[in-house]
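Overview (structure and organization)
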Amino acid sequence: MYRKLPRSDENVLGYEIQEVLTEDQLDEILTEIEEIIADNGSVRLLVSMPSVPYPDIKAIDEDLGFWLRHSNSINRYAVVGESPLLEWSSDVADRMTEPDIEYFERTEIDDA
């Protein structure tokens, strides 16, 4: 399940993701991100995860393909949560990919 955050604007998108993220839900999110990239040339993302979500296995393949196609168009990727696992995975992803990925605690969401 996900919801778009009200602070989303032009080339800045924010989502809150909870529990299980289905393939259809991920498709909706990725389609919106692709539209923003097409309109603006790039996007800045904020993903808030109150708990570690469990993606549908098919959604993982979709996400990887999207990342390979569009990572150069993502200027910044902020991950907000309260999980050492999210912090660790954000740090690893930041080291391995082109966009700047930064982890923030829930209390730092305004900074994110």
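Here the structure is shown first, and the text comes after it.
Residues numbered from 1 in each chain as written. Predicted model: local features only at pLDDT ≥ 70, side-chain atom pairs only at ≥ 80, totals over all residues. Heavy atoms only, no water.

1. Thoughts on the pattern of salt bridges
What the rule picks out here adds up to six salt bridges. Between D110 and R7 there is a salt bridge, and its shortest N-O distance comes to 2.9 Å. Of this pair, D110 sits in the segment after β7 (100-105) while R7 is found in the loop between β1 (2-4) and β2 (12-17), placing the two residues 103 residues apart along the sequence. Assigned by exposure class, D110 and R7 land together as exposed. E102 serves as the salt-bridge partner of R76, at 3.7 Å between the closest nitrogen and oxygen. Here R76, found in strand β6 (residues 74-81), pairs with E102, found in strand β7; they are 26 residues apart in sequence, far enough to count as distant. (Salt bridge = Lys/Arg side-chain N within 4 Å of Asp/Glu carboxyl O. Helix = DSSP H or I, 4+ residues; strand = E, 2+ residues; numbered from the N terminus. Buried < 20%, exposed > 50% of the residue type's maximum accessible area, 1.4 Å probe, protein only.)

2. Overview of a negative patch on the surface
On the surface, E87, E105, E108 and D111 cluster together into a negatively charged patch. Residue position: E105 is located in strand β7. (Patch = residues over 30% accessible without salt bridge, like charges linked within 9 Å, V, L, I, M, F, W, Y side chains within 5 Å. Areas by Shrake-Rupley, 256 points an atom, 1.4 Å probe, with all protein chains shown as cover. Lys, Arg positive; Asp, Glu negative; His and termini not counted. Charge placed at Lys NZ, Arg CZ, Asp CG, Glu CD.)

3. Here we look at the environment of Q25
Structurally, the position occupied by Q25 is in helix α1 (residues 23-40). In this structure, the C-alpha to C-alpha distance between Q25 and R3, residues 22 residues apart in sequence, is 9.8 Å. With near-sequence residues (within four places) excluded, Q25 lies in contact with M1, Y2 and V20. (Contact = heavy atoms within 4.5 Å.)

4. Here we look at unusual backbone geometry
Look at E10: it is not a glycine, yet its phi comes out positive at around 45°. Mapped onto the secondary structure, E10 falls in the loop between β1 and β2.

5. Structural notes on the nonpolar core
L13, I33, V43, L45, I74 and Y77 are the most contacted members of the largest nonpolar core, which totals 22 residues. Secondary-structure elements contributing two or more residues to this core are β2, α1, β4 (43-49), α2 (57-70), β6 and β7. Per element, the largest residue contribution to this core is six residues, and it comes from α1. Not counting residues within four places of it along the chain, the set of residues in contact with I74 comprises V43, L45, F66, W67 and P99. Grouped together as the second largest cluster of nonpolar side chains are six residues, L46, V80, F104 and A112 included. (Core = buried A, V, L, I, M, F, W, Y, C linked by side-chain atoms within 4.5 Å.)

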